[in-house]
Amino acid sequence: MKNTFKWAALALAATISLPALAHKAFIVPSSTVLSDEEAWITLDAAAGNDLFYFNHRPLNLEHLAVRGPEGYVQEIDNRAEGKLRASADVHLTKPGTYRIGTSMEGLFAFFVDAEGKRGRARGTPENIDKQIPAGAKDVRITQTQSIVETYVTLGKPDASVFAPTGKGLEFVPVTHPNDLFAGEPAKFRFLLDGKPAKDLEVTVIPGATRYRNAQDEIKLKTDAAGEFSVTWPAAGMYWMNASVEGGKPSVAKAQARRASYTATFEVLPQ
Amino acid sequence: MRVRFLAAPLIAVAAASASAASIDLTVGIPQLDVSEYHRPYVAIWIERPDRSVAADLAVWYQQKEGKDAKSGKQESGSKWLADLRQWWRRSGRDKSLPIDGVSGATRPVGEHRLRFETGKAPLGELAPGHYTLVVEAAREVGGREVLSVPFDWPPASPQHLQAQGKSELGALRVDLDP
């Protein structure tokens, strides 16, 4: 009986999708392919239902990180958070590929409180216990990891920022993400804790959703090597997302983990 | 000292007798009826069937630092080279600029004649095979156009090939001489 209840709670947890992931988050760079010796780019970051419009809320860029061919870029200026979008300027000074993004990590607790009501709370490994009311039962803590990023290349593209760390859900390009052209296939790979993330569902949606009547989602699935291919139907900005529930949480308190990866790509015309 | 004197004419003779095949190009930059005109950036190169670049022949762009007309800010001419999208992808991004004997200033409206000879930079020695000559033009506040002319090298007999641009390029004539 107890076991059945646990499974019910788990199913419930799975159906209540985490609110933070309900909207599409994105970072859109002002350029993705630059030919100058050094360049400033600007980024817009937001979350909402429409791509790529700022009509819901800004993305928190407090932990924006820019990695380039020579490590982390320090020169990030004019960080601002508006009502609908956040922005920042980044100075690129060395040729190569830059990975620009933000990663968020947290804990999400589902529980049944002393009065028998279902509840949920979010927090960090340090404070999650305080968010869960005393006497709560059937506490289930999910670790959430989410990455939102984009890629920009100054001069010659390189692959130094693609080296996987072996932690969480990671995107490893086979086709360089700043070498995408309409009508051509691009191949990418996902790893989960350093191993191929097979059978992972990947969603690709072209931008400019305001000017058409359908999402035009492209649904893909990774193969045994964690790889998938997408042939870009047209030039434009694209949003890509994959998320996975499973694997081993890196926080002892958590019983489950949900990891998601979101990226923005620019596809150029031939 | 003596050896050098002897060697120079020998090399010249060897090069001339091996092959002196040449490519003569006429690239038309059309007159456009637009209120804001900037000379186009143009790249001319030879591609192999796998689209790798066998030779960059010419790249015309604003070489010196100039002032942006609107903001008055200094900006380098290479800033807009990525607008030559195909050339940038196939070759430009891998090169350090300017490219000796290839980079040049933007050119005015008119027909521009160019001659490339085997054994001489920038054509050098082109291995026998099938190629495509590509001309790409991109104009600030304007459009972009790519013309391609396939050819076989070396030519068995003189050949006249051509392509016609519709927007940013005019007539392209390619004369191959064995």
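None of these values were measured; they are calculated from a predicted model. (Residues numbered from 1 in each chain as written. Chains lettered and ligands numbered in written order. Predicted model: local features only at pLDDT ≥ 70, side-chain atom pairs only at ≥ 80, totals over all residues. Heavy atoms only, no water.)

Visitor: Help me out: how do you make sense of unusual backbone geometry in this one?
Guide: Residues other than glycine predominantly adopt negative phi, and peptide bonds predominantly adopt the trans conformation. In this chain, L51(A) is followed by F52(A) through a cis amide linkage whose omega measures -10°. Note that F52(A) resides in the loop between β3 (39-48) and β4 (57-58). The amide bond that connects L97(B) to the next residue, P98(B), takes the cis arrangement and shows omega of -5°. One non-glycine residue with positive phi stands out, namely D193(A), at about 50°. Along the chain, D193(A) turns up in the loop between β13 (185-192) and β14 (195-196). (Helix = DSSP H or I, 4+ residues; strand = E, 2+ residues; numbered from the N terminus.)

Visitor: Where do I start with the sheet that holds strand β3 (residues 53-60) of chain B in this structure?
Guide: Sheets are built from strands that pair by backbone hydrogen bonding, the pairs being arranged parallel or antiparallel. All names here are of chain B. Spatial strand order, β6-β3-β2-β8-β9: 5 strands in an open sheet with mixed pairing. Strands at the two margins of the open sheet, each flanked by one partner only, are β6 (103-104) and β9 (144-153). Relative to β3, strand β2 (residues 41-47) runs antiparallel, the two being bridged by 6 bridges. Bridge pairing in β3 links A43 to V59. (Pairing = 2+ DSSP bridges.)

Visitor: Looking at this structure, I do not really get the pattern of salt bridges. What am I missing?
Guide: A side chain of one charge can pair with a side chain of the opposite charge if their charged atoms are brought near each other. Inspection of the entire model under this criterion finds 21 salt bridges over all chains. R93(B) is the partner of D179(A) in a salt bridge, and the nearest nitrogen-oxygen pair spans 3.2 Å. With one member in each of two chains, D179(A) in the loop between β12 (169-173) and β13 and R93(B) in the loop between α2 (85-90) and β6 form a pair that bridges those chains. There is no split in this pair, since D179(A) and R93(B) are both buried. When salt bridges with common partners are traced through the structure, they connect D179(A), E184(A), R89(B) and R93(B) into a single cluster. (Salt bridge = Lys/Arg side-chain N within 4 Å of Asp/Glu carboxyl O. Buried < 20%, exposed > 50% of the residue type's maximum accessible area, 1.4 Å probe, protein only.)

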